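# Fold and contact review
Next come the chains, spelled out residue by residue.
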Amino acid sequence: MGHSASRRFIRSTQAVAKLDPRGRKVKILATVGPASREPEMLEKLFRAGADAFRVNMSHGEHATHAETIANIRALEKKVNRPITILCDLQGPKLRVGKFKEGRAVIRHSGHFTLDRNPEPGDETRVQLPHPELFGILQKGQRLLIDDGKLRLRVIRADQNEILCSAEVGGVISDRKGVNVPDAVVPVPALTDKDRRDLSFAVEHGADWIALSFVQRPEDVAEARRLMGGYGSLMAKIEKPAAISRLEEIIELSDGIMVARGDLGVELNPEEVPPLQKRIVESARRQGKPVVVATQMLESMIEAPTPTRAEVSDVANAVYDGADAVMLSAETAAGAWPEEAVTIMHRIAAQVEADPGYGARVHFIETLPDPTTADALAQAAASIANTLPIAGVIVFTGSGSTARRVARERPGVPMLVLTPSQKTARKVGLLWGAHAVSTKDIGSFEEMIAKGKRMALRHGFGTAGSRLVALAGVPFGTPGATNLLHVVTLTGNELDQHG
């Protein structure tokens, strides 16, 4: 991209859509780090389009994370909008031991042994300080070291040694990571550090907790037990072992993240795109929010503009109907954090403005469950696609009705009204949802009046606009969505209310 084209691209990304509501349905999840944790930059990212912030527990101390969360909550008060916080647990990391000289060279096609000997390694061997691996590896399975830069294949494995052939050799150094793509690794998804981090996240009011290294549904169940009913749980799909039990994992989770970094290490690169589509489709069918993550605008860690391939990558995730797209190092440690969010916002808005977007995003058929709430959510979407409807108003306590409506991917935005601040924050990762924390309602008349006022106040229509309202009677009863009503704005509801 030439200098003049670069300047035009950056200028075009400066005209960010109206903040309230965003003017797009897909959400942007921005990772907070050294480049973005200060209050001024957090506000810039929010105003540029970030709907939610990810706190990566793999890096930094608890004191730093506590300050970051406090800064986000202060911003939330300043802009008077619920802001979603996701704490991402590190998960277990398998690593080799240390070398005599800090590093060694593994010869291509040569033999290399991983053993239980704690002595420093050399070009022929190194310690693998994970005794649980020795009993499960079999001939022909792969070991990937340093994000796949070195590739070993098992020749022979017993309880003390794993003899490998180096399919791809090279430099190996102290404590490099090991991936085991061909086996279910018998390690828990939650390490002692993860348990401490999870406790910290719950204590500091994280809205979502992302669980790394999920291999089995049992991993999700264990994390949920430790959360004690607080917050929402997002399972990160980054291990091939998780794919064989994907539907069960989605069912037990509140949301799913397609963590393409480790998936790209353990699978061939060409296998990741169809798998991403499969995970997104499965999550959408079950009505669980799904986030597409990792390397979406990777070049913007250093450059002020993305590559065309990166723009297509983000656009494809939006066309597939993902609930959110995520920025990692681009906003955490990059040189252009605000520009990365702004450009991601512009890509998403452009895709959603495409006349063919509606048809593409509905390539997945999401059949409703045989419940009143699901039937009404489908009916609301059908009405919105049949009549000139400005938006769907959802009254909800837990957020489940909003999730059901989002599952249908209606062609209009959704105004989520809830008496629960926790729920307002939680739906920040939900497709098309614009949440407002408001006082509870006590009657049908009050519901309609409040829905109209909030619609006007938050830009969901003007005089003459029609909206679909969904709620449950009796009010305040969780999971009792049983009412659908079409309302028309007169335009003076705020004046009448004084």
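Look above for the structure.
Residues numbered from 1 in each chain as written. Predicted model: local features only at pLDDT ≥ 70, side-chain atom pairs only at ≥ 80, totals over all residues. Heavy atoms only, no water.

Once that is clear, we can look at the overall build of the protein chain. Along the backbone of the protein chain there are 18 helices and 21 strands. Whereas a compact globule of 498 residues would reach a radius of gyration of roughly 23 Å, the protein chain reaches 24 Å, a difference of no more than 12%. Each of the three principal axes of the protein chain carries a C-alpha extent, and together these read 80 × 55 × 45 Å. For the protein chain, buried positions account for 54% of its 498 residues. Considering only contacts within the protein chain whose residues lie at least 6 apart along the sequence, 68% involve residues at least 24 apart. Element-wise, carbon and sulfur atoms account for 50% of the exposed surface of the protein chain, whose accessible area totals about 20,800 Å². (Helix = DSSP H or I, 4+ residues; strand = E, 2+ residues; numbered from the N terminus. Rg over C-alpha atoms; globule rule 2.2 N^0.38 Å. Buried < 20%, exposed > 50% of the residue type's maximum accessible area, 1.4 Å probe, protein only. Contact = heavy atoms within 4.5 Å. Areas by Shrake-Rupley, 256 points an atom, 1.4 Å probe, with all protein chains shown as cover.)

This next bit is on the nonpolar core. Ranked by internal contacts, the top residues of the largest apolar core, which has 72 residues, are Phe53, Ile256 and Ile279. Of all the elements, helix H12 (residues 337–352) adds the most residues to this core, at 7 residues. Counting 27 residues, the second-largest nonpolar core is a separate cluster that includes Leu128, Leu137, Leu150 and Val187. (Core = buried A, V, L, I, M, F, W, Y, C linked by side-chain atoms within 4.5 Å.)

Turning our attention to the packing of helix H3 (residues 62–79) against helix H4 (residues 192–203). H4 packs onto H3 with a crossing angle of 25° between their chain directions and a minimal axis gap of 11 Å. In terms of orientation, H3 lies roughly parallel with respect to H4. In this structure, H3 meets H4 at a crossing whose hand is right-handed. Of the residues in H4, those in contact with His62, His65, Ala66 and Ile69 of H3 are Arg196, Asp197 and Phe200. Its residues assigned to classes, the contact of H3 with H4 comprises 3 nonpolar, 2 polar and 2 charged. (Axes fitted to C-alpha atoms, helices over the stretch in contact; angles between N-to-C directions. Parallel < 35°, antiparallel > 145°, perpendicular 65-115°, else oblique. Left-handed = near helix turned anticlockwise from the far one by under 90°. Nonpolar A, V, L, I, M, F, W, Y, C, P; charged D, E, K, R; others polar.)

Here we take up the pattern of salt bridges. Counted according to the given criterion, the structure contains 30 salt bridges. Put simply, arginine 22 and aspartate 51 hold a salt bridge, and the shortest N to O gap is 2.9 Å. With a gap of 29 residues between them, arginine 22 in the loop between helix H1 (3–12) and strand S1 (27–32) and aspartate 51 in the loop between helix H2 (39–48) and strand S2 (52–56) connect regions that are remote in the sequence. Here arginine 22 matches aspartate 51 in class, with each residue buried. Among the ionic pairs, aspartate 146 bridges to lysine 149, the shortest N-O distance being 3.9 Å. By relative accessible area, lysine 149 is classed as exposed at 52%. Several salt bridges converge on common partners, so that one network encompasses Arg73, Glu76, Asp207 and Arg425. (Salt bridge = Lys/Arg side-chain N within 4 Å of Asp/Glu carboxyl O.)

We now examine the packing of helix H10 (residues 308–319) against H12. The angle between the axes and the distance between the axes are what describe a pair of packed helices. Interhelical geometry of H10 versus H12 gives an angle of 50° and a closest axis separation of 9 Å. On the basis of the axis angle, H10 is oblique to H12. Here H10 runs over H12; the crossing is right-handed. Between H10 and H12, the contacting residues are Val311, Val314, Ala315, Val318 and Tyr319 on the first element and Met344, Ile347, Ala348, Val351 and Glu352 on the second. For the contact of H10 with H12, the per-class residue count stands at 9 nonpolar, no polar and 1 charged.

This brings us to the sheet that holds strand S19 (residues 433–437). With mixed pairing, the 5 strands of this open sheet are ordered in space as S19-S18-S17-S20-S21. The sheet is open, and its two borders are formed by S19 and strand S21 (481–488), each paired with just one other strand. Sheet twist, expressed as the mean angle between neighbouring strand axes with direction ignored, is 20°. The pairing of strand S18 (residues 414–418) with S19 spans 5 bridges and is parallel. Bridged to leucine 415 within S19 is histidine 434. Most of the contacts of helix H14 (residues 372–386) go to S21, to which it runs at about 20°, and overall it touches strand S17 (389–395), strand S20 (466–472) and S21. (Pairing = 2+ DSSP bridges.)

Its location among the elements puts alanine 375 in helix H14. Between the alpha carbons of alanine 375 and histidine 59 there is a distance of 44 Å; along the sequence they are 316 residues apart.

Mapped onto the elements, arginine 54 comes out in strand S2. A polar atom in the side chain of arginine 54 sits 2.8 Å from the side chain of aspartate 88. The contacts of arginine 54, once residues within four sequence positions are left out, are Leu29, Ala30, Thr31, Val32, Leu86, Asp88, Met326 and Ser328. (Polar contact = N/O pair within 3.5 Å; in protein donor to acceptor, adjacent residues only side chain to side chain.)

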